[in-house]
Every structure is written in structure tokens, then in C-alpha cells.
2 protein chains.
Amino acid sequence: MSTRRPTIGVFDSGFGGLTVLKALYELIPEADYAHFGDTARLPCGSKSVETAARAAVEAAHFLESHGAQTLVIACNTATALALDRITVAAHVPVVGVVEPGADAAAIASRNRKVVVIGTHATVSSHAYRKALDARGLEAREKACPLLVPLVEEGWVEHPVTQEVARIYLAEAFADGFHDADTMVLGCTHYPLLKPLLQRVTPVHVSIVDSAESTARAVATRFQQLVPSSLSNGTERRSVPRMKFFATDSTEKFQQLGQRFLGHPIENVQHVDLKE
Amino acid sequence: MSTRRPTIGVFDSGFGGLTVLKALYELIPEADYAHFGDTARLPCGSKSVETAARAAVEAAHFLESHGAQTLVIACNTATALALDRITVAAHVPVVGVVEPGADAAAIASRNRKVVVIGTHATVSSHAYRKALDARGLEAREKACPLLVPLVEEGWVEHPVTQEVARIYLAEAFADGFHDADTMVLGCTHYPLLKPLLQRVTPVHVSIVDSAESTARAVATRFQQLVPSSLSNGTERRSVPRMKFFATDSTEKFQQLGQRFLGHPIENVQHVDLKE
């Protein structure tokens, strides 16, 4: 039985992708997961295209070599900068976080005006603007570089974080976007700030969480692949099995990662892709 | 004449080391400078020892191959985690920022109680505590991880930064350290916050800038090596020549770097140490 469990490979440039892993295993507990956190190389979302793409392609091959039959790029920056390169380089289907986020925004928005918040690199790539434009939506992209370090500091319910978010969102919803009715969380760290962001976002705005949207997209695809598994009540209650790989300190991955995953992380294996 | 100008190699894990370069060329304009910003690999001061040390040793060899006769490790995290390794691996004298900072604190402090602020990695290494202990000073080390991204966001005179600094320093000067009379800026980003930090630090506290202290230590050593150059008035007014190398985007290095250096940066060369 266990040999038939499919493996979903999850690539992340740091810790935030654990919010996507969490959404994934809650929706698809039948799968095994191999999670690769490239914590030594891409922690800040401020990388150039070349640096991000090269690291992501290496990680994709690593996850394939560990049995991944589907790859989820659980990082908006890596998706924005490198999804095309990973898709070409990989031998299995690849799902990024931008397209599912754009799909969800297209469903949520009535007036077709959307604000997207993310890292500098994600915003500079205009990946969301292109994806939303293709769906007939007008997008304002706003870089919010302080939100990641605030989440990593653990200040998810803190007056400073609320003030930073208020400043960023006032800029995002200014100049013709005061009536935008949807906001996409275009960074996998931001789901931890959802309650706070809901308080400082105009009341008429729906918040789209790209981590959740991506998990739903993968679940739909997965259901097409293994419908018997998902329709089997016994099997649905199975416990997902997870392997973790990190390129920097495994202790740090365990400590910081559990905040994102929502429960303790065990068995993190150190990986050095440079050798 | 120009062939006799010595070259000082400056290694930085990101952008902050440019504050050390600035202090260096103001004190030693007779030298040429080769500055290596390892922006692709070590931007956040949150790396493990292995990752930091390996990158720093590679950079040291790169700078030597570009003619550096002295190496300045212009990053507290790299100094704290990798100075020993770099010193062993290098063929030229190596100066870090921790020892000069500790020396300056030992001179500034009357009651031998010092607060050191820095990144997580610098604080966890206890490099400052050890250096200050060796000089008979008691140290409280306090990680202030939000200050680097706040500086990089350009919020050097911003109410949010002031509030963050107030919170961090209240913790640093609590529990037996309320009477500490010296504070070491143990991160090369922090000199940009010096006016703000001065406002939120208790009035009796002297602030020691490890960038300045390091430049003075190098200048002293340099004067011993080439006394004729430094004592020659004409030569002192010479313009330092600088070459810049960055492992990530050169455009980003130019844009962000000029804030730290205080003037425009030209001729940045991209370097890929992985090849």
C-alpha cells in the first residue's frame, strides 16, 4: 500500500513555503511530502533572476531524485523568477503559486481591480500583473520588504507590524486603487499576518491567500490523478509523511519552521547542493 | 608611482561593509581598494557557521587574486563566524571588525559594562562577549534583526525604526545592564542609524562604531607599513581607487550601495564564485 503513495516535492527558498506545505497536507493527507528549504541561498526575496533560477532548478532536480512526482514551487519569488526555467528543466509536472493566486483573485474580484503585496523581487518581476492582466484584471503590485523579517522576528501580532502594514497598504490602495476589492498575499510568509492584515485592509477588500489557492490547485490535479485514493474515506484520514531538507542550519530550520508549519518539525536533513 | 600603491581587499557579506570602506578610504586615501560584496549568498546575517565560513574563505582568495595585500572582513557576522578560518586560509594579514570594536569599547567604558547590538548570527557566536571578556568588560549582547531590513528599506529616520530601536534597547539595557555606559554597533548597517540610536540610547551611553574602529586599526597598521606615504602631504590628498565586485545583481549593488558609501558607485563587476 505504502509504495502507491505519491510524493509531492515542495521547493521553498526559505521558511515561508511551509505555509503552502501545511495547506497541502491538510487538503491531501494521502501523499508523502519531500520539502526542500533552500535556506542557505535565498532567504530574502531580494535576489536577481539568475541567482534565483539557478538555485531553484538545482532544488527541483534534487526533489525529483528523492521521488517527487509533482513539484510545487512554494515561494512567490522563485515562482515569479524561475517557474519557466524549472518547468523546462523538470521531468514531472510543476505548479507555482502565482497562477493559482491569480485564478483565485479573478474569482474573488467584482470590479477587476486587485492589489498584490509581495517581496521586491516578486513585484519587480511583474509576474502577478501579467497573470492578472491575462485574466482581465487590473493590478497594483506593492513591495512590502519589512513584512518577512517582522514575521521571522515573531511579531505577527505587534503594534509595529500593524503600523508597517498600515503604511504599506495606504500606499498600495492610493492613486486610483482605493476601490480595489481584492488583495493577493503574494508571499508565503504573509498568511501568518492574515488576521492583522484583515484589520488594516479596507473593509470591502477580500484577501486571497496564494498558499491556500495553490494547495487547492494541486488537490484538484491530484484528484484527477488518483481519484480512488481521495474518494476513500479510510485513506483520507491517513497521516501525511514528510521529509525535510535544508541547505543551511537544520536546527534553525526546525526552530523557525515550526511557526510556519504550525507543529514541530522533525528529521531535517542537511543538504549541500554545492558539492 | 601607481605600482607602489598598496591594495586593501574588503570583504562584505552584503552592503553594510561599504560603511567600513567609507571609513577606510577617508582615513587611507593612498590605497587602492578591491571591495567584494557577496550579495548572492549572505545578505541577512542569519547564516550558519559553515555556510558563512565557506563563502568568506572563497571571497578572501578572490580578493588575494586581485592583488589585495591586506584583507578587511567588513562584516560583523563574517568576522564572528569565520575570521579564524579566513586567517588560516589567507596568505596576507586579515583584520576583522570585532577586535577593533572591542578595543574601542575598552577605551570608552568606565564602568566596564557594555551592550553590543548585532545580527542573530553575530550575537549567537558570542564573538563580542569573548573579545570584551578578554579585556575585562562585561557584555550584554542583543540581536536586533529588524534593523538591517529597516536600513535597507531606507527608513533610517522613521518613527517605526525609532520604535523598533526603543524596544530592542529597552531589552538590551534591562536586568542589570541599565547602567552599561557603552554600546557597540556590532553590525555594519547600524552606522546609518547612529543619529536615531543616539536619541533612544540612555544619555550616559557612549556609542562605539565598529566600522570606524576598524578603519582606525587598519590605518595604524598601514602607517607602520608605509609611513612615508602617510606623512607626505601631497600623497595624502590622492584619490582612492576602488574596484567593486558583487555576486548578485550589479544594478542592485549600485543602487543600494550608494546609500551606505555616501556617493555613487561605478564599475561594479559581477562575479560568480560557483563556477
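Because the structure is predicted, anything quoted here is derived from the model rather than measured.

**Describing the packing of helix α1 (residues 18-27) of chain B against helix α13 (residues 250-261) of chain B**
Working note: a packed helix pair is described by the angle between its axes plus the distance between those axes. Residues and elements named next belong to chain B. It is the contact of α1 with α13, at a shortest axis distance of 8 Å, that shows an interaxial angle of 50 degrees. Between α1 and α13, the angle falls in the class oblique. The two elements α1 and α13 cross, and the hand of that crossing is right-handed. In this structure, α1 contributes L18, T19, L21 and K22 to the contact, and α13 contributes G257, F260 and L261. Considered class by class, the residues forming the contact of α1 with α13 number 4 nonpolar, 2 polar and 1 charged.

**Some remarks on the domain arrangement of chain A**
Where interface size is given, it is often the accessible area lost as the parts come together that is meant. Residues and elements named next belong to chain A. Here the domain parsing of chain A yields domain 1 (2-96 + 212-270) and domain 2 (98-210). Centre-to-centre, using C-alpha coordinates, domain 1 lies 22 Å away from domain 2. Contacts between the two partners involve 24 residues from domain 1, matched on the other side by 25 residues from domain 2. Elements represented by at least two residues in the side of domain 1 that touches domain 2 include exactly α1 (18-27), α3 (76-89), α10 (210-225) and α13 (250-261). For the side of domain 1 that touches domain 2, a count of residues per class yields 9 nonpolar, 11 polar and 4 charged.

**Considerations on the sheet that holds strand β7 (residues 182-185) of chain A**
Residues and elements named next belong to chain A. In spatial order, the strands read β6-β5-β7-β8; together these 4 strands make up an open sheet with parallel pairing. Where the open sheet ends on each side, the last strands, each with one partner, are β6 (138-143) and β8 (206-209). This sheet shows a mean twist of 25 degrees between the axes of neighbouring strands, independent of strand direction. The pairing of strand β5 (residues 113-118) with β6 spans 6 bridges and is parallel. Counterpart to V115 in the pairing with β6 is R140. Lying over the sheet, helix α4 (residues 98-108) contacts β5, β7 and β8, oriented at roughly 160 degrees with respect to β8.

About the thresholds
Residues numbered from 1 in each chain as written. Chains lettered and ligands numbered in written order. Predicted model: local features only at pLDDT ≥ 70, side-chain atom pairs only at ≥ 80, totals over all residues. Axes fitted to C-alpha atoms, helices over the stretch in contact; angles between N-to-C directions. Helix = DSSP H or I, 4+ residues; strand = E, 2+ residues; numbered from the N terminus. Parallel < 35°, antiparallel > 145°, perpendicular 65-115°, else oblique. Left-handed = near helix turned anticlockwise from the far one by under 90°. Contact = placed C-beta atoms within 7 Å. Nonpolar A, V, L, I, M, F, W, Y, C, P; charged D, E, K, R; others polar. Domains from an automatic or database assignment. Pairing = 2+ DSSP bridges.

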